[in-house]
Amino acid sequence: MNATPAVADDLIVIGKIYSVHGVRGEVKVYSFTDPTENLLQYKTWTLKREGSVKQVELVSGRGSDKFLVAKLKGLDDREEARLLAGYEICVPRNLFPELTDGEYYWYQLEGLKVIDQLGQLFGKIDHLLETGANDVMVVKPCAGSLDDRERLLPYTEQCVLAVDLVAGEMKVEWDADF
């Protein structure tokens with residue numbers, strides 16, 4: 001394990017180490033990728049937690065029903081592996097596959113201003129949630145917002161009218177019956 005990452009800028013969180021697995025230094029990982037096993041395609045991880053940053057190399061990994069199990073290079077001790085719990089797993093965004101038009105990674109949507117069909121600013125997208133039926137955008141109020149309400153808006157074709165990454169805006173159709 002290296003103490004410093006190659007480049008700390010432009011990193012995207014793709015998972016989190018949350019526990020140890022077994023006695024050989026393997027770690028349990030929550031994957032934020034879809035499908036979850038895609039996290040294992042990235043062989044070099046930058047780990048971040050509370051100002052601490054380190055780079056590690058993935059030796060092997062496998063899926064389980066609810067989590068991934070990862071073996072990291074040079075990590076063979078259960079107690080040493082336990083110290084990695086809570087670290088976020090990050091990779092540079094330039095390693096992500098290209099998307100087709102109209103598709104976006106969540107990190108691209110976070111921070112966009114959300115404006116309804118009447119031109120009212122609801123706020124900015126704070127983060128997204130996976131609910132099973134569809135993804136949900138958590139929109140928090142910001143300077144100039146219509147009000148101080150936090151809104152949960154579905155990330156669906158019926159709700160999202162347009163996304164303009166350059167302008168930093170998303171146009172939505174919204175009514176209370178949605």
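Residues numbered from 1 in each chain as written. Predicted model: local features only at pLDDT ≥ 70, side-chain atom pairs only at ≥ 80, totals over all residues. Heavy atoms only, no water.

**Things to note about the UniProt feature "domain: Ribosome maturation factor RimM PRC barrel" (unreviewed entry) in the protein chain**
UniProt tags residues 106-175 as "domain: Ribosome maturation factor RimM PRC barrel" (unreviewed entry). Between the end C-alpha atoms of residues 106-175 the distance is 24 Å, and the span holds 6% helix and 47% strand. (UniProt positions renumbered as here; feature names shortened; annotations may be inferred. Helix = DSSP H or I, 4+ residues; strand = E, 2+ residues; numbered from the N terminus.)

**Some points on a nonpolar patch on the surface**
Together, V13, Y30 and F32 make up a nonpolar patch on the protein surface, roughly 290 Å² of accessible area in all. Examined against the element boundaries, V13 turns out to sit in strand β1 (residues 11-21). (Patch = residues over 30% accessible without salt bridge, like charges linked within 9 Å, V, L, I, M, F, W, Y side chains within 5 Å. Areas by Shrake-Rupley, 256 points an atom, 1.4 Å probe, with all protein chains shown as cover. Salt bridge = Lys/Arg side-chain N within 4 Å of Asp/Glu carboxyl O.)

**Structural notes on the sheet that holds strand β3 (residues 44-49)**
The sheet built from six strands closes into a barrel, its strands ordered β1-β2-β5-β4-β3-β6 with antiparallel pairing. Neighbouring strand axes in the sheet, compared pairwise and without regard to direction, differ in orientation by 50° on average. (Pairing = 2+ DSSP bridges. Axes fitted to C-alpha atoms, helices over the stretch in contact; angles between N-to-C directions.)

**Topic: the side chain of R151**
Here R151 lies in strand β10 (residues 151-154). A polar contact of 2.9 Å, which involves the side chain of R151, links it to the side chain of D147. (Polar contact = N/O pair within 3.5 Å; in protein donor to acceptor, adjacent residues only side chain to side chain.)

**Things to note about the state of the cysteines**
Throughout this description, disulfide means a covalent bond between two cysteine sulfur atoms. Within the structure shown, the criterion is met by zero disulfides. This cysteine, C142, is not joined by any disulfide, and C159 carries the nearest cysteine sulfur, 16 Å off. With relative accessibility at 22%, the residue C142 sits in the partly exposed group. Looking at C159, the relative accessible area reads 0%, which means it is buried. (Disulfide = S-S within 2.5 Å. Buried < 20%, exposed > 50% of the residue type's maximum accessible area, 1.4 Å probe, protein only.)

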